[in-house]
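What follows is the residue order along each chain.
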Amino acid sequence: MTADDAAAPLYEAIGVGYARRRQPDPRIAAQIHGHLGPANERPHVLNVGAGAGSYEPDDRRVTAVEPSPRMIAQRPGTATREVVRAVAGTLPFPDGTFDAATALLTVHHWPDIDAGLAEVRRVTAGPVVLFTFDYAVHGRQWLVTDYFPEMLQFDVDLPAPAALAEALGGGTVEVVTVPRDCTDGFMHAWWCRPEAYLDPGVRAAISGLARLPDDVAAAGVERLRDDLATGAFGERHADLLARDAIDAGYRLVVSPGA
């Protein structure tokens, strides 16, 4: 079994519908792309753990690294996007190959995060942008506390965003707020549209929910369904109705590089 084969099974099992459900939100895309530098100066971008290709820039060449054939099959076929089946910890590129790099909502799935970050930094001469999350803030969101606390068993070893920046050789951390009409169906995207979590297709495109045992997921869904039907959810979370965006724990880690 190769490293690629060992890394792929998770998304072979749960990576269904990502291309349809995980459409990039333009506000988050602008925040990510703003750190890559001008396209004429940083024309070649590496995207590690690329999945179905969300948030890859259209104005430059992209090399995507992805171990899962199921995810690769959902990627758009364009002349400016190539895909290599590999894993973060053993990138098959010479030092300094790329002008910039991204790793977007993927680091928490890497079996050896330090090795992966070292490899990304090795092959990238310019900025590295990670889209990640703060585990503690994530754990305080209503989806977790009220309905699916079992998700806290996942990703417990994810380093804090500041530690990820340090592992990349230094950098900054930014909050990525989640707008109420977020178009990307990641875990907390539906914070003010709770009925969305009743949809099995929505849940299948959220790794934290898709990894739960079927009986655990079903019990949480029924609690949410009941609370929506009785109005208990609206009473408990009335403050959300007045919010345009929230901090659900998502962060950008930006390491400037050379």
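All figures in this text were calculated on a predicted structure; none of them were measured in a lab. (Residues numbered from 1 in each chain as written. Predicted model: local features only at pLDDT ≥ 70, side-chain atom pairs only at ≥ 80, totals over all residues. Heavy atoms only, no water.)

### Some details on the environment of Ala118
Under the convention used in this document: Only runs of H or I of at least four residues qualify as helices and only runs of E of at least two qualify as strands under DSSP, and these elements are numbered from the N terminus. Accessibility here uses a 1.4 Å probe with only protein chains present; expressed as a share of the type maximum, an area under 20% marks a residue as buried, one over 50% as exposed, and anything in between as partly exposed.
Mapped onto the secondary structure, Ala118 falls in helix H6 (residues 113-123). Residue class for Ala118 comes out partly exposed when judged on its relative accessible area of 44%. When the C-alpha positions of Ala118 and Ala245 are compared, they lie 34 Å apart, and in sequence the two are 127 residues distant.

### Side note on the pattern of salt bridges
Quick note on the threshold: By salt bridge we mean one thing: a side-chain nitrogen of Lys or Arg within 4 Å of a carboxyl oxygen of Asp or Glu.
Evaluation of the coordinates by the stated rule reveals 14 salt bridges. Ionic pairing is found between Arg211 and Asp155, a salt bridge with its closest N-O pair at 3.1 Å. Highlighted residues: Arg211 in the loop between helix H11 (207-210) and helix H12 (214-230) and Asp155 in the loop between helix H8 (142-147) and helix H9 (161-167), separated in sequence by 56 residues. Each of the salt bridges in this network shares a partner with another, and the network as a whole consists of Glu56, Asp58, Arg75 and Arg81.

### Some words on the packing of aromatic side chains
To keep things clear, this is the line we draw: Stacked, tilted and edge-to-face are the three classes assigned to paired rings of Phe, Tyr and Trp, where Trp is represented by its six-membered ring and a pair needs centres within 6.5 Å; plane angles under 30 degrees give stacked, over 60 edge-to-face, the rest tilted. Ring-over charges, as used throughout, are those where CZ of Arg or NZ of Lys falls within 6 Å of the ring centre and within 35 degrees of the ring normal.
Within the structure shown, the criterion is met by eight aromatic pairs. Centre to centre, the rings of Phe131 and Phe186 are 6.1 Å apart; their planes meet at 85 degrees, and the pair counts as edge-to-face. Pair noted here: Phe131 is in strand S5 (residues 128-133) and Phe186 is in the loop between strand S7 (178-179) and helix H10 (200-204), with a separation of 55 residues, a long-range link. According to the relative accessible area criterion, Phe186 is buried, its value standing at 2%. In this structure an aromatic cluster arises from ring pairing among Tyr55, Phe131, Phe186 and Tyr250. Positioned over the ring face of Phe154 is Arg211, at 4.5 Å from the centre of the ring.

### Comments concerning the confidence of the model for the protein
Selection criterion: For every residue, the predictor states its confidence as a pLDDT score lying anywhere from 0 to 100. The criterion used for residue contact is that any of the two residues' heavy atoms lie within 4.5 Å.
In the predicted model, the protein carries a mean pLDDT of 91, and the fraction of residues at 70 or more is 92%. Predicted confidence for residues 1-9 stays below pLDDT 50, and this span has 13 contacts to residues more than four positions away or in other chains.

### Some remarks on helix H4 (residues 26-33)
Think of an α-helix as turning once every 3.6 residues; residues three or four places apart then point the same way. Using the following cut-off: By definition, the arc is the one covered by directions from the helix axis to the C-beta atoms.
Buried within H4 we find Ile28, Ala29 and Ile32. The buried residues of H4 all sit within an arc of 100 degrees when viewed along its axis, so they share a single face. Turned more than 90 degrees away from the buried face of H4, the exposed residues are Pro26 and Ala30. For H4, the elements touching its buried residues are strand S4 (100-104), S5 and strand S9 (250-255).

### Topic: the sheet that holds S5
We apply this condition: In this analysis, strands are considered paired if DSSP registers two or more bridges between them. Here an axis means a line fitted to C-alpha atoms, over the contact stretch when the element is a helix, while the angle between two N-to-C directions is reported on a 0 to 180 degree scale.
The seven strands lie next to each other as S3-S2-S1-S4-S5-S9-S6, forming an open sheet whose pairing is mixed. Edge positions in the sheet fall to strand S3 (81-84) and strand S6 (172-175), since each has one partner strand and no second. Neighbour to neighbour, the strand axes of the sheet diverge by 20 degrees on average, direction disregarded. Sheet topology note: the S6/S9 ladder contains four bridges and is antiparallel. For Val175, the partnering residue across the bridge sits in S9 and is Arg251. The strands touched by H4 are S4, S5, S6 and S9; relative to S5, the strand with the most contacts, the crossing angle is about 140 degrees. In the packing of H6 onto the sheet, the strands contacted are strand S1 (44-48), S4, S5 and S9, and the crossing angle to S5 comes to about 155 degrees.

### As for unusual backbone geometry
Trans peptide bonds make up the majority, and among non-glycine residues the majority have a negative phi. With a phi close to 70 degrees, Tyr55 is a non-glycine residue in the positive phi region. Within the element layout of this structure, Tyr55 appears in the loop between S1 and strand S2 (61-65). A positive phi angle, near 50 degrees, is found at Leu105, a position not held by glycine.

### Examining the pairing of S1
Of all the five residues making up S1, five are buried; the element is thus mostly covered by neighbouring parts of the structure. Across five bridges, the pairing between S1 and S2 is parallel. Its bridge partner lying in S2, His44 is registered against Arg61. For S1 and S4, the ladder comprises three bridges, and the chain directions are parallel. Within the sheet, the bridge partner assigned to Val45 lies in S4 and is Ala100.

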